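Summary of the model geometry
Here is how the chains run, residue by residue.
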Amino acid sequence: MSQMSAIPVKIIETKGIKRRKEMENEYCETPMQTKRHVASTSTSDGGGCSSNSGSVEKILQGLRQLFPNAKKEPIYYSRKKGRESVASLFMTVEETPEPIPVKVKGEIPKWLRGKLLRNGPGKFEFGNDMYNHWFDGMALMHQFRIEDGNVTYMSKFLRSETYQTNTANNRIMVSEFGTLAMPDPCKNIFARFMSKFEIPKASDNGNVNFARYKGDYYATTETNFIHKVDLNTLDTIEKVDWTKFIAVNGATAHPHYDPDGTTYNMGNSYGKNGTAYNIIAVPQQKSDDEETLEDARVVCQITPGNSMKPSYYHSFGISENYVVFVEQPLKINVLKILTSKFRGESLSCAFNWEPELNTVIHVANKHSGEIVPFKYYSKAFSTFHHINAFEDDGFIVLDLCGLDNGDIMNKINLQNLRQSGEALDEVYNTLPKSLPRRFVLPLNINSNTPINQNLNTLTYSNAVVFRTADGKIWCEFEDLHDDDLLDEGGMEFPQINYAKYNMKKYKFLYGCGINNIMVDSLIKMDVETKKFKMWKEKGYYPSEPVFVPSPDSADEDDGIILSVVVSPNQNKSSFLLILDARTFTEIGRAEVAVRIPSGFHGVFAAK
């Protein structure tokens with residue numbers, strides 16, 4: 001890597017961190033250059049096929065100049081050194097299509113019966129074409145079947161249309177978030193050029209999570225496609241298209257489940273009048289022969305601040321009566337999406353962090369669809385995962401994991417994740433830290449509400465919210481942690497005792513610490529005392545913790561934590577970890593004799 005001239009670097013830190021006032025007299029390396037978001041293709045025609053002409057490339061270069069990408073100096077959030085390389089956790093693995101026994105150490109609770117399902121990328125190339133981004137890899141579904149103290153493991157690739165098309169052609173045929181599928185080299189030059197004018201088709205690569213609709217489980221992503229999966233065999237049963245049932249162009253992979261059986265989600269719609277954010281309700285199943293999303297309805301629509309540059313969102317909050325939507329200044333340029341093939345750029349190039357904008361929080365009644373007539377404003381922050389939301393004495397308490405910089409999605413590309421040594425340290429130290437935060441949103445606002453006075457009367461929260469002279473409701477968050485969490489790199493993949501405490505006041509939060517470019521510890525946070533317990537083992541990297549309550553449990557933390565732990569060391573086994581949620585100590589583990597890559601999300605399907 002090239003060296004910069006002598007530039008003093010300032011440590012930029014989030015609220016609650018002891019800020020370093022002095023400028024450090026250190027030289028730092030330039031940030032690594034992210035590889036171009038285009039699938040690799042062979043330069044050989046392989047059978048007399050023509051390659052792109054120079055004139056076509058000149059046209060594309062001219063078009064790219066219309067959408068310049070400004071280079072930014074790196075912001076450093078830490079100065080840690082010696083991060084372990086985790087490159088092998090982001091490499092292709094083989095599926096394990098039949099259940100295999102695992103080696104159990106310790107004890108598996110006899111009452112624990114069901115399947116831990118995990119989802120995430122597991123294949124990163126087809127032929128000579130390689131994906132650029134972690135989000136792009138083909139969905140590999142994992143199942144740990146647990147019964148009577150015994151455990152088996154299996155995995156299968158989701159047989160999506162994308163997977164099958166790529167496999168049949170032995171090349172990347174469908175564009176993903178960070179990878180643009182190149183024109184078929186066997187087409188003539190005119191056909192290849194004209195293909196650049198096509199609007200990209202949505203991928204059905206459901207590699208993010210498992211969602212439950214009407215009692216069935218679906219492998220999900222954020223496009224309009226979900227896939228019904230047989231939990232016993234992990235076979236792909238049915239592809240379902242949201243657009244056949246409701247006027248949305250996609251939905252999140254993090255729906256919420258209401259006690260009355262309704263599943264709530266959010267998705268965008270794109271029309272002649274621009275973009276809208278939609279709150280969606282899918283009712284509980286009424287008959288055995290009805291289709292998956294039958295009777296789904298749009299509860300209400302929320303209008304973006306800029307319809308041609310809507311915000312990206314990965315999840316949302318829900319309370320007993322309201323849906324809470326965070327419109328963050330991580331913007332999606334719709335024009336760039338529509339012209340991505342024309343310009344030869346991946347979809348990721350349409351995402352842009354605009355910190356000069358505020359983050360805006362919208363609230364809507366989930367029963368009536370009525371939107372609360374005022375919005376809540378905050379300084380710019382980004383979020384991927386909500387923790388919980390509940391109502392208390394005229395307020396909505398909103399907890400989430402927040403980052404002060406939303407320019408993270410393009411940083412976790414495969415080139416960066418596979419780095420080692422100083423280059424890996426550079427990537428890690430320039431990643432913004434995700435931290436648990438609390439907002440308090442007053443619901444009873446009117447013209448008589450005082451100005452510049454803290455409206456939060458909840459004694460257990462020091463979050464600040466006030467009405468400004470121009471009528472805006474301005475919010476300042478409370479940190480749900482102390483400074484010790486900063487030493488663990490923050491927290492992500494938050495979970496709670498969802499079955500009993502979602503939409504309710506709660507005490508315990510579970511998540512992952514991030515002292516490497518990949519999460520490397522499990523954390524139990526007491527949101528009242530802001531103290532935490534931690535599980536960590538050198539050389540191992542856990543997954544999102546899944547809380548399973550004990551039968552007839554009375555206490556909030558009476559249960560266990562399940563997490564799939566992987567290692568980049570080929571001599572170390574991956575394993576299913578079982579922790580006592582109360583003491584946060586290990587009860588047992590089930591070691592697997594096959595490689596498991598790092599994944600995203602999962603659920604426990606109780607028997």
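So, here's what we can say about the structure.

About the criteria used
- Numbering of residues starts from 1 in every chain and runs along the sequence as written.
- Selection of residues for local features in this predicted model requires a pLDDT of at least 70, selection of side-chain atom pairs for listing and counting requires 80 or more, and totals for whole chains, interfaces and linings are taken over all residues.
- Excluding hydrogens and water, the side-chain figures rest on all heavy atoms present in the structure.
- Note on pairing: DSSP must find at least two bridges between two strands before they are called paired.
- Under the scheme used here, helices are H or I runs from DSSP no shorter than 4 residues and strands are E runs no shorter than 2 residues, and both carry numbers assigned from the N terminus.
- Think of each axis as a best-fit line through the C-alpha atoms, taken over the contacting stretch in the case of a helix, with angles from 0 to 180 degrees between the N-to-C directions.
- Pairing of aromatic rings covers Phe, Tyr and Trp, the last counted by its six-membered ring, and requires centre-to-centre distances within 6.5 Å; plane angles under 30 degrees mean stacked, over 60 mean edge-to-face, and any other angle means tilted.
- Only protein chains enter the accessibility calculation, which uses a 1.4 Å probe; a residue is then buried when its area is under 20% of its type maximum, exposed when over 50%, and partly exposed in between.
- Each ring is checked for a lysine NZ or an arginine CZ that lies within 6 Å of its centre and within 35 degrees of its normal; such an atom marks a charge sitting over the ring.

**Comments concerning the sheet that holds strand S8 (residues 209-213)**
Here four strands make up an open sheet; going across it, the order is S8-S9-S10-S11 and the pairing antiparallel. Only two strands of the sheet have a single partner each, and these edge strands are S8 and strand S11 (236-241). Averaged over all pairs of adjacent strands, the angle between their axes in this sheet comes to 35°, without regard to strand direction. In this sheet, strand S10 (residues 225-229) lies alongside strand S9 (residues 216-220) in antiparallel orientation, the contact comprising three bridges. Each bridged residue has a counterpart across the sheet, and for Tyr-218 the counterpart in S10 is Lys-228.

**A closer look at the sheet that holds strand S2 (residues 103-106)**
Backbone-to-backbone hydrogen bonds pair the strands of a sheet. The strands run either parallel or antiparallel. Read across the sheet, five strands follow the order S2-S35-S34-S33-S32 without closing on themselves; strand pairing throughout is antiparallel. This sheet does not close on itself; its edge strands, each paired only once, are S2 and strand S32 (546-549). Strand-to-strand twist across the sheet, computed as the mean angle between neighbouring axes with direction ignored, equals 20°. Direction of pairing for strand S34 (residues 574-580) relative to strand S35 (residues 585-592): antiparallel, over a ladder of seven bridges. Across the sheet, residue Leu-577 finds its bridge partner in S35, namely Arg-589.

**Points about the packing of aromatic side chains**
Taken as a whole and assessed by the stated rule, the structure comprises 25 aromatic pairs. Relative to Phe-575, the ring of Tyr-540 lies with its centre 5.3 Å away and its plane at 65°, an arrangement referred to as edge-to-face. Within this pair, whereas Tyr-540 is found in the loop between strand S31 (532-535) and S32, its partner Phe-575 is found in strand S34, the two being separated by 35 residues in sequence. According to the relative accessible area criterion, Tyr-540 is buried, its value standing at 11%. Judged by its relative accessible area of 1%, Phe-575 falls in the buried class. Here a set of aromatic residues connected by ring pairs shows up, and it is made of Phe-90, Trp-134, Phe-135, Phe-177, Tyr-312, Phe-351, Phe-384 and Phe-600. The residue whose ring lies beneath Lys-505 is Tyr-460, and the NZ or CZ to ring-centre distance is 4.5 Å. The ring of Phe-575 has Arg-589 sitting right over it, with the charged end atom 4.0 Å from the ring centre.

All we've got here are geometric facts, nothing functional implied.
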